[in-house]
Amino acid sequence: MRGHIFAAIVGICLTSAAAQAQKLQERYDAAEKAFAAGEYDKAATLFAEVQGRLAKSQRGSTVEADLRRRIAETDIALGRQERAIAVLAPVVSIYAKAPGQPFLMETYSLLGRAHEKLGEMQRATENYQAALRLNTDPARKTVLSIPLARRLVDAMIEDFKPMEDKKRSGELLGELQSLRGRIELNAGNHAEALDWFKKAAKSAGGVGMRVSLSDVAIRSDLAVASHLTGDDDKAFYYIAMTGLGRMGGKGPQFPDGRALKLPDCSPAFGIGPEDLVVLDIALGEDGRVISAAPIYSTKPGKIEAEFVKAARAWRWSAEEIEKTEPFWRFSIRIATRCTFNTDRRWIGAGFLRELIKEANAKKPLQDIYSRVGTDALRAELARREAADGPDAMSLVPVLATLAEEDEDGVYIERARQIMEANGISSRAQAILGVLVARSLMQRGGEALQMQPDAGWPADIVDWFRVEQGLQLEKRKRSDRAIPLYTAVFERGNAKTDTLAQFAALRLASIAFERKAQERASGYLAATGLRPDQCALVDASPIPASTGASSSDYPHEALNWGFEGYMVSNYDIGTDGKTKSPRIVFAYPPFVFEETMDRIISRWRFKPIYREGEQIGCTGARQTFRFRIPGKS
């Protein structure tokens, strides 16, 4: 139908030759065909090409408005919501000047959908209401998405007309009833929401072994409502009947914890540590989040946009996505909370930046490191290898960044080979030497006997000593770490020299652990830092007793066959005990939270000295994968 409408307008309005008009029509038809086949990038390109070749007299006309509307639909399908909104901005005014224009209602609906997918619920509601006011065909109300107002959804349910396809008709009615349930869920009426979700499941064909995307959404809603009404047994049942938490090799592996950025707990955004947002996300073929729809929020209409914004920056491994059945990446239900992020800088970061600068990197370290995890870094490495070759200096920034968490030392050794083959300064050679030594010390106790090279600059020798001291502390050999830290502390000024400052903080914590309060206080005073500033310089908390075993696996999850992925925030007291564990990312929602809290609550770390404070480290983070014991 769209093709015929466009053809009629082209036939009347275009001032170019008939052959040109026919050519444009063919392009438009090709765009429609690509859209119907799900080839959205191709469709967007073709629609834009037709728009760009319109006559000047058609600029700002309904012809261009029609094309903009179709381009916006492709953008929404591709997860480019902001762009869709910008493309649609002039369309409303164009259609408003054309009395009886049938597509103005559809434009408002598209704007509502784009704002909704950004978590901007107030703007979404305004556009949905505008669409409803223009509606003259009750049957078309079913095309509206989530208006978040009872009277809007009630009107759609009341006017719903069964279709010939009974299966699809039942799914559509079930989706409307589920939307109605979400309104009650976000209003805090959890029991009423549960009733609506049960109606939705019945309309969609019941809770059985058949699972469509519609079934996954409705049963996931049932699980959320069941949990919020206190019936976790039922919640587990409904989660099991979606397949979530039981995807195994069929589903996408999650990004590592570093790549999962979440909103900060911030009064500026009205987001507190107890606030919760449940999201339904969909992944594109390249592993990026193309859609993040808020399902439930403790502060509906106020905080969802921040969580949606964070989710749309997540990236999965493209290699993992290629192995994943498309069905399993279109509806992934996740519970999220804000985090207390501490920007604790690695003591070697400055030296690493020096190395990267000398490597003539095309992209600076922060452009890669600050926003992605290990999977994305490996993908970036592969892209650079393909573009520049296996021995190019452009590989060094990625290799060096990967080396920070490389247990085998493969990446830093390769970086050294590339740089030495291309010729590097003696200072860069010293930095590489410490990175290689650090990797060796992380892997084996015998490497802790290593000595710094006699030709290294003094600051690089100090860096080597603090890295060696940290590894000794982790192996409960603080007695051997003390002289290393002392040498660094005595050489520099702890108020201006970061390495000396770092050494003083480690000496303060060791003295505190040994009940030498006066000495600990003296080291802390020498740094000139307030207790709350120490976390920006000091090492990550050093574990004394951490871990989990198969006996920790919750019996209910084991019985249902659930596996999961969790990210937890927690604080560490100055005595090394964990405090206030809280789950900030949970898949599937509500299954492993209590277990994770119990595990972290029993962990212990080396004492952290913060004079006059009870908390030694705020916002520590732990990623945990729950895999069924014995399952390959």
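Residues numbered from 1 in each chain as written. Predicted model: local features only at pLDDT ≥ 70, side-chain atom pairs only at ≥ 80, totals over all residues. Heavy atoms only, no water.

Q: So what's going on with the environment of D75? Residues and values would help.
A: By the secondary structure assignment, D75 is in helix α4 (residues 62–77). On the accessibility criterion, D75 (0% relative accessible area) is buried. Separated by 35 residues in the primary sequence, D75 and Y40 have C-alpha atoms spaced 7.8 Å apart. Dropping the residues within four chain positions of it, D75 is found in contact with R80, R83, A84 and V87. (Helix = DSSP H or I, 4+ residues; strand = E, 2+ residues; numbered from the N terminus. Buried < 20%, exposed > 50% of the residue type's maximum accessible area, 1.4 Å probe, protein only. Contact = heavy atoms within 4.5 Å.)

Q: Let's hear about the state of the cysteines: which residues, and what values?
A: Counted under the stated rule, the structure contains one disulfide. In this model, C265 is linked to C338 through a disulfide, with the two sulfur atoms separated by 2.1 Å. Residues C265 and C338 are joined through a disulfide that is right-handed, its torsion about the S-S bond being 90°. Of the two residues, C265 sits in the loop between α13 (232–240) and β1 (277–283) while C338 sits in the loop between β3 (332–336) and α16 (349–358), which places them 73 residues apart along the sequence. Pair check on accessibility: C265 and C338 agree, each one buried. (Disulfide = S-S within 2.5 Å.)

Q: Residue-level account of the pattern of salt bridges, with values.
A: Using the criterion set out here, one finds 36 salt bridges in the structure. A salt bridge links R438 to E467; its shortest N-O distance comes to 3.1 Å. Within this pair, whereas R438 is found in helix α21 (residues 426–443), its partner E467 is found in helix α22 (residues 458–474), the two being separated by 29 residues in sequence. Neither R438 nor E467 differs from the other in exposure class; each is buried. (Salt bridge = Lys/Arg side-chain N within 4 Å of Asp/Glu carboxyl O.)

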